[in-house]
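Close look at the chain arrangement
What follows is the residue order along each chain.
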Amino acid sequence: MKRLTRLLSLVLTIAMLMSLAAVPVQALDGGEVTGSISGTLRIDYAQTLSELKQREISVELLRDGAVLGKLPLTGAWSDRLQNTYPAQVGLRDADGGELVGDGWPGYVDFSVERLPVGAYELRFTGNGYRTFTQRMELRDAAQHLILGTADDTFT
């Protein structure tokens, strides 16, 4: 019976140690806690991908008034803002599937990861669009913004 109790204690201890591995390394070593900001822009009015590119739609990410970078929302790509923050943009068709060729993009998804906690501002711009600014507080995980071109946000 003692052997079974010790074995169960060992298994429980290992399970607890393994669960700690899921905690972000930054939080364990006393470093800065980080999170991500992502968003989905609905393209509500029909336009081809080449028309979207001509409009030069983009989102600028600012922290405490300082520009961290600008993400073009006119094609799929991935890079790092300021060589530090992984960023990516993806396009989907109106049904939410993969965009093929020069079809009508229905959604543009973007994300920026490993951002320090704090206050951020997203500024959406594009030729023929009204500038839209969204402020958000990144605390300890993630923030996601959904906006569209027909709902009085980014029109």
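Residues numbered from 1 in each chain as written. Predicted model: local features only at pLDDT ≥ 70, side-chain atom pairs only at ≥ 80, totals over all residues. Heavy atoms only, no water.

Some thoughts on the pairing of strand 5 (residues 85-93)
Bridging between strand 4 (residues 77-81) and strand 5 involves 5 bridges; their strand directions are antiparallel. If you follow Trp77 over to strand 5, its bridge partner there is Val89. Where strand 4 folds back onto strand 5 in an antiparallel hairpin, the turn is made up of 3 residues, including Gln82, whose phi is positive at roughly 55°. (Pairing = 2+ DSSP bridges. Helix = DSSP H or I, 4+ residues; strand = E, 2+ residues; numbered from the N terminus.)

Remarks on the confidence of the model for the protein
Averaged over all residues, the pLDDT of the protein equals 81, while 79% of them reach at least 70. Within the protein, the element-level pLDDT minimum falls on helix 2 (residues 25-28), averaging 38, and the maximum on strand 2 (residues 58-63), averaging 96. Residue range residues 2-29 is modelled with pLDDT below 50. Its contacts to residues more than four positions away, or to other chains, number 6 contacts. (pLDDT = per-residue confidence, 0-100. Contact = heavy atoms within 4.5 Å.)

Remarks on the sheet that holds strand 4
Taken together, 5 strands build an open sheet; the order of strands is 4-5-6-1-9 and the sheet is mixed. In the strand order of this sheet, the two ends are held by strand 4 and strand 9 (142-148), each with one partner. The sheet shows a mean angle of 15° between the axes of neighbouring strands, taken without regard to direction. Both strand 1 (residues 34-42) and strand 6 (residues 105-116) contribute to a ladder of 8 bridges, which runs antiparallel. Residue Thr40 lies in a different strand from strand 6, and its bridge partner there is Asp109. (Axes fitted to C-alpha atoms, helices over the stretch in contact; angles between N-to-C directions.)

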